[in-house]
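# Commentary on secondary and tertiary structure
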Amino acid sequence: MKFWNYLAVRLFQAFVVVFIVATIVFFVSRLVGNPETFLLPEDATDAQMETVRENLGLNDTLLVQYGDFLWDLAQLDFGMSYRGAGTSTLTAIAERSVNTLKLTGAALLLAVSLSIPLGIAAALHRGKTIDWLARLVAVFGQAVPGFWLGLMVIFFFAVELGWFPTGGAKGFKSLILPAVSLGLLEMAAITRLTRSGMIDVMGADFIMTARAKGLRERSIITRHALRHALLPVVTILGLGVGRLIAGSVIIEVVFAWPGVGRLIIDSIVQSDYPMVQAAIIVLAASIALANVLVDVSYRLIDPRIGTGAL
Amino acid sequence: MTQRVPAPIEVEFSRPRGPIRWRRWLGLSLPLSIALVFLLAGVLADVLAPHDPGFLDLSARLVPPVFDGGTWDHPLGTDDVGRDILSRLMHGARISLIVVAIVVPGAAAMGTLVGMVSGWQGGFTGQILMRIVDVQLALPAILFAVLLGSIFGPSLRNVIIILLIWTWSGYARLVRAEVLSLRERDFVTAARAAGASGWWIMRKHLLPNVVNTIVIIMTLEVAIVILVEAALSFLGVGVPAGTPSWGRMITEGREVMLVAWWPIWLPGLALMTISLTGNLMGDWLRDLLDPRLRHLR
């Protein structure tokens, strides 16, 4: 019961966060000048302008507009795009979000599947080649600017060697370069954390006990040490998902990847504010949800953390 | 996110002996000297730079660096409109320095204040403050930055404001977590029993205990702030066009990436070197001051 209470409270908190984000986005995008000037040709008459303003509800007071906006949001109506006659923003975002999910998912998978084994191997063979490799990944991965790395891998692997396409989202091959560029930072962080976590836990008393019981090394590592060492990794995964989604914006621009991030950048250039609003709210909601999931799973993995303190 | 996880207490069993300790100092001297070069180049850019960073010399376009067949007139070559890359790198270092000098202490002060108050007060105020932190973490700051940049136009001031908003919450989270555990300690109870006010306890008892954490995060944030400034400038919402920022230089170098390597490699390498330096110094400081914080990065 306690767990469900906890889940409910966390979900409510996430809802509040999304609500505040929506509010900020609404008011910030109202700071921009008159959207009707972007919608009509330059020689439009004042009367035409007035009709468009009226239709968009721009003549109402700000507070009324805000109320309408919230009411529409509650019905999951994110409004119409200013571009591409009568496209619902939510439809456009849904189409694009598949690509962003692919990209961030691939980056996360890559980071987790490579860095955890690397971190473990480094911790178990301290000072050996594999340890040096892990530390190199950790140190450089955290220092290389993702967008620059992206440009460099395009240059070497797409232009010079021609192994991969230079951009766009056509098939599995086009996913590899952007996913590596996006995932490297998380890979560095996870490798580092796994390594230091494993080193710490291998010196703990309960590992000595397990050894004294005569357990096999493999079972000591997987059953006893790893469970302990991976706790902080789960913590940063939550923040990591947020970082990946935010980082995907730049990587999507570098690789011309048709995801939500690029949609936002393009929409800003085209002054398509309903699209910008909707996309930012959707991304913020997904990050908030990811954070709740991590917090909840954390409590499932480590029962020592009480559900009382929120 | 509010994660109150007890930091694992790490015990170093083997004490570093003589040679290892020396190696540690040697390992620090390299980042330190790079940081010094960066600092000098930025501060003295006007005096040291061989050319005006904005001077277009169309007769000397894409001159390679001196070690790749160029001349000493342009030691690191020129870009596609004939501007001296070394001079632009130095003035770019100055831009990064200005951003770091304002953002890092500013965000630290803001975050520390919020973290301490919310940790100490707890209850309603604490909850409100932590929800603000959550909002900041859930709002993809880069999108917000792009939105603001597109509305107000690219400018150094916007970059600084955005980076302040972006980075303060990290301090707030950690300081709050530390204050939450410190407030239960005996010396705080004693101070309270002696009639000390909340502000007094925060200033005299809590602040000295969290100052190590703050210094460590500040050092580690230097690299992040520089990288994000470059990323924003790369996207065109950072510093205005024409400003010699490293991010801008990478954007410009991208145009000629296929004919000349130096306009994109050199600012990228500069960025990487300086963020590597910041990270190494942060790590060193953390191991020195507070090894418990190893999970930070």
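Criteria and cut-off values
Residues numbered from 1 in each chain as written. Chains lettered and ligands numbered in written order. Predicted model: local features only at pLDDT ≥ 70, side-chain atom pairs only at ≥ 80, totals over all residues. Helix = DSSP H or I, 4+ residues; strand = E, 2+ residues; numbered from the N terminus. Buried ≥ 20, exposed ≤ 12 C-beta atoms within 10 Å, placed from the backbone. Contact = placed C-beta atoms within 7 Å. Bend = angle between axes of the 7 residues up to and from the residue. Nonpolar A, V, L, I, M, F, W, Y, C, P; charged D, E, K, R; others polar. Axes fitted to C-alpha atoms, helices over the stretch in contact; angles between N-to-C directions. Parallel < 35°, antiparallel > 145°, perpendicular 65-115°, else oblique. Left-handed = near helix turned anticlockwise from the far one by under 90°. Core = buried A, V, L, I, M, F, W, Y, C linked by C-beta atoms within 7 Å. pLDDT = per-residue confidence, 0-100. Expected span 1.5 Å × (residues − 1).

Helix and strand counts for chain B come out as ten helices and zero strands. For chain B, the sequential pattern of α-helices and β-strands runs α-α-α-α-α-α-α-α-α-α. Looking at chain B as a whole, 45% of its 297 residues are labelled buried. For chain B, the share of sequence-separated contacts (at least 6 apart) that also reach a separation of at least 24 residues comes to 72%.

Tallying secondary structure elements over chain A gives 13 helices and zero strands in all. Along the chain direction, N to C, the helices and strands of chain A fall in the order α-α-α-α-α-α-α-α-α-α-α-α-α. Across its three principal axes, chain A shows a C-alpha extent of roughly 85 × 60 × 30 Å. Among the 310 residues that make up chain A, the fraction classed as buried is 41%.

Moving on: helix α8 (residues 173-202) of chain A. Along an α-helix, residues three or four apart share an orientation, since each turn contains 3.6 residues. The axis of α8(A) is deflected most strongly, by about 45°, at Gly183(A). The buried fraction of α8(A) amounts to 25 of the 30 residues, a majority that puts the element mostly inside the structure.

Each partner contributes to the interface: chain A provides 47 residues, whereas chain B provides 41 residues. Sorting the residues of the side of chain A that touches chain B by element identifies α1 (2-29), α6 (129-143), α7 (146-160), α8, α11 (231-254), α12 (260-269) and α13 (273-301) of chain A as the ones contributing at least two each. In terms of residues, the side of chain A that touches chain B owes the most to one element, α11(A), which gives ten residues. In terms of residue class, the side of chain A that touches chain B is built from 36 nonpolar, eight polar and three charged.

Further remarks concern the packing of helix α5 (residues 141-152) of chain B against helix α6 (residues 156-182) of chain B. Residues and elements named next belong to chain B. For the pair α5 and α6, the least separation of the axes is 10 Å and the interaxial angle reads 155°. On the basis of the axis angle, α5 is roughly antiparallel to α6. The hand of the α5/α6 crossing is right-handed. Of the residues in α6, those in contact with Ala141, Ala145, Leu148, Gly149 and Phe152 of α5 are Asn158, Ile162, Ile165 and Trp166. Its residues assigned to classes, the contact of α5 with α6 shows seven nonpolar, two polar and no charged.

Membership of the largest hydrophobic core comes to 155 residues, with the highest contact counts inside it found for Ile264(A), Ala279(A), Val146(B) and Val225(B). Of all the elements, helix α8 (residues 198-235) of chain B adds the most residues to this core, at 20 residues. Leaving out residues up to four positions away in the same chain, Ala279(A) has contacts with Ile93(A), Val260(A), Leu263(A) and Ile264(A).

The subject of this paragraph is the confidence of the model for chain B. Residue and element names in this part refer to chain B. Confidence in the prediction of chain B, expressed as mean pLDDT, is 80, and 88% of residues score 70 or more. Mean pLDDT in chain B bottoms out at α5, which sits at 74, and peaks at helix α3 (residues 85-121), which reaches 89. Across the predicted assembly, pTM comes out at 0.80 and ipTM at 0.76.

For the rest of this paragraph, the subject is the confidence of the model for chain A. The predicted coordinates of low-pLDDT regions are not to be read in fine detail. Considering every residue of chain A, the mean pLDDT works out to 81; 92% of them sit at 70 or more. Contacts from residues 306-310 of chain A, a stretch scored under 50 in pLDDT, to residues over four places away or in other chains number six contacts.

All names here are of chain B. Contact geometry for α8 and helix α9 (residues 246-255): axes closest at 7 Å, N-to-C directions at 40°. Classified by the angle their axes make, α8 and α9 are oblique. Here α8 runs over α9; the crossing is right-handed. Contact with α8, carried on its side by Glu229, Ala230, Ala231, Leu232, Ser233 and Phe234, involves Trp246, Gly247, Arg248, Ile250 and Thr251 of α9 and no other residues of that element. Of the residues contributing to the contact of α8 with α9, the split by class is six nonpolar, three polar and two charged.

To continue, consider the environment of Ala231(B). Its location among the elements puts Ala231(B) in helix α8. Here the alpha-carbon distance between Ala231(B) and Gly247(B), two residues 16 residues apart in the chain, equals 6.0 Å. Excluding residues that lie within four positions of it along the chain, Ala231(B) makes contacts with Pro145(A), Phe147(A), Ile250(A) and Gly247(B).

A word on unusual backbone geometry. Residues and elements named next belong to chain A. Positive phi, normally seen in glycine, also occurs at alanine 256, with a value near 50°. Relative to the elements of secondary structure, alanine 256 occurs in the loop between α11 and α12. On the basis of neighbour count, alanine 256 is assigned to the partly exposed category, with 14 C-beta atoms found within 10 Å.

Below, the discussion takes up α6(A). When the terminal C-alpha atoms of α6(A) are compared, their 21 Å separation across 15 residues agrees well with the 21 Å that a helix rising 1.5 Å per residue should span. Of all the residues in α6(A), the buried ones are Ala134(A), Val137(A), Ala138(A), Gly141(A), Gln142(A) and Ala143(A). Turning to α6(A), the residues buried within the fold contact α5 (89-124) and α8 of chain A together with α8 and α10 (262-289) of chain B.

You can see Ile132(B) is positioned in helix α4 (residues 123-138). Sequence spacing of Ile132(B) and Glu252(B) is 120 residues, and the spatial spacing of their C-alpha atoms is 37 Å.

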